[in-house]
Structure formats: structure tokens, C-alpha cells
Amino acid sequence: MAPSLRAWQPVFESMGHVLGPRLNRIAYPDWAAGQARAVEAVCRDEGIKVWVAEIDTQPVGFVAVAFHDDPRSAEIDMIAVDPDQQCRGIGSALLASALNRISAAGIHLAHLGTGGDPGHAAARHTYEKAGFTALPLVHYYKELPAVRAN
């Protein structure tokens, strides 16, 4: 778990710069705890397959693939590589392995999502290098006043 949180720390910092401090505190009040819960949930979900990359029996990254009810597609739900091991092809190898397993299951479409902020630039590069086509989507955030109904 710790390597994945270290991998996502610069990503959440980047998103914080984009959102600004107030929106970031509202959207991600404790990003590390939230991300740890998300990783745990993915690892426990029976519909998601997780593969781990190791170096000298130490985990250095993982990829999680969700095989949903649609037999035509699968989603690469999460992928992370320990920052100490990044830029060594591990992320690309995890992605290639996941795509091979998806294809071997007879599925013809793989999809994934990532951020458009600077912190996700390396991920976008990896996905584009692997042949993914980007479909830009935009998420908007707005702080609202807290109004309590009586």
C-alpha cells in the first residue's frame, strides 16, 4: 500500500495546485486515507483482478483490471509504480500484461481514465505510447455554501 500512496502523492499535489487550497481541502480532505481505502476496496473486489510487479520479491507496482458485466470491454481501474522504481518500464510492463490478459479473455476493448493535470502527464504518456486514444473529459469543481434544511 505504501508504494502506491507514494506514487500518487505528486498526483494529488498537482491536483491541489490546479484546484487551489480551498477546493482541494473540500474535494480531498485526506487524500492518503481516501486513496488507501480505494486501493483496499479494489484489492478486495472479486470482479477486479490485481497483478503485482516485484523486484527481488519486493512489490514495486500493481495494476488492477475490472471485468464488468459488459463482455465487450474491461477497465484498467488502477495502476501504480513505486516512485523509487519509476521510469524503468515497470508501468509499461504492467499495462502490457493487463492488456494481454484482457485480450486473452476474449475482450476487444480496454479503457481507463486519468487526470489532465500536470501530475498525470507521465501516465498519459504511458497510455498513449501503448496505443490508447484519449477522449478528453472535464470535471468541474465548485465550492457551495453549506445550507442546512430544518
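These figures come from a predicted structure and were not determined experimentally. For every chain, the first residue of its written sequence is number 1, and the numbers climb from 1 along that sequence. At least 70 in pLDDT is required for a residue's local features to be given in this predicted model, at least 80 for side-chain atom pairs to be given and counted, and no such filter applies to totals for whole chains, interfaces and linings, which use all residues. No hydrogens and no water enter the side-chain calculation; it runs on all heavy atoms of the structure.

Visitor: Break down the overall build of the protein chain for me, citing the residues and quoting the values.
Guide: Only DSSP runs of H or I covering at least 4 residues are called helices, and only runs of E covering at least 2 are called strands; the numbering of each starts at the N terminus. If you tally the helices and strands in the protein chain, you get 5 helices and 4 strands. Starting at the N terminus and walking to the C terminus, you meet the elements of the protein chain as α-α-α-β-β-β-α-β-α. Taking the principal axes of its C-alpha atoms as reference, the protein chain extends roughly 55 × 35 × 30 Å. Only protein chains enter the area calculation, which uses a 1.4 Å probe; residues under 20% of their type maximum are buried, those over 50% are exposed, and those in between are partly exposed. For the protein chain, the proportion of its 150 residues judged to be buried stands at 33%. Contacts between residues were defined by any pair of non-hydrogen atoms, one from each residue, lying within 4.5 Å. Taking as baseline every contact in the protein chain between residues at least 6 positions apart, the subset at least 24 positions apart corresponds to 51%. In the form shown here, the protein chain has an accessible surface area of approximately 10,200 Å², with 54% of it arising from carbon and sulfur atoms. We count Lys and Arg on the positive side and Asp and Glu on the negative side, and we leave His and both chain ends out. By convention, the charge on Lys lies at NZ, on Arg at CZ, on Asp at CG and on Glu at CD. For the protein chain, the distance from the average position of its 13 positive side-chain charges to the average position of its 16 negative side-chain charges is 5 Å. The accessible surface values rely on the Shrake-Rupley method and a 1.4 Å probe; as for residues, cover is taken only from the protein chains in view.

Visitor: Account for the pattern of salt bridges, with residues named and values stated.
Guide: Whenever Lys or Arg places a side-chain nitrogen within 4 Å of a carboxyl oxygen from Asp or Glu, that contact is recorded as a salt bridge. A full pass over the atoms with the stated rule returns 4 salt bridges. Note that Arg6 and Asp82 form a salt bridge whose closest N and O atoms lie 2.4 Å from each other. Here the residue Arg6 occupies a position in helix α1 (residues 2-19), and Asp82 occupies one in the loop between β3 (73-81) and α4 (90-104), the gap between them amounting to 76 residues. Here Arg44 and Glu40 are joined by a salt bridge, their closest N and O atoms 3.0 Å apart. Pair noted here: Arg44 and Glu40 are both in helix α3 (residues 31-44), with a separation of 4 residues, about one helical turn. In this structure Arg44 comes out as exposed when scored by relative accessible area, which is 63%.

Visitor: Describe the environment of Val138, and please don't skip the residues or the numbers.
Guide: Following the sequence through the fold, Val138 ends up in the segment after α5 (121-129). On the basis of relative accessibility, which here comes to 58%, the residue Val138 falls in the exposed class. Along the sequence, Val138 and Gly115 sit 23 residues apart, while their C-alpha atoms lie 9.1 Å from each other.

Visitor: I'd like a rundown of the sheet that holds β3, residues and numbers included.
Guide: Here 4 strands make up an open sheet; going across it, the order is β1-β2-β3-β4 and the pairing mixed. On the outer flanks of this sheet lie β1 (48-55) and β4 (109-112), each paired with one strand and no other. Across the sheet, the mean angle separating the axes of adjacent strands is 30° when strand polarity is ignored. Two strands qualify as a pair provided DSSP detects at least 2 bridges between them. Note that strand β2 (residues 58-66) and β3 share 6 bridges and pair antiparallel. Paired with Ala64 across the bridge in β3 is Met78. The strands that α3 touches are β1, β2 and β3; relative to β3, the one it contacts most, it runs at about 130°. Structural elements are reduced to axes, namely lines fitted to C-alpha atoms, with helices fitted over the stretch in contact, and the angle between N-to-C directions of any two is expressed from 0 to 180 degrees.

So yeah, pure geometry; function would need other evidence.
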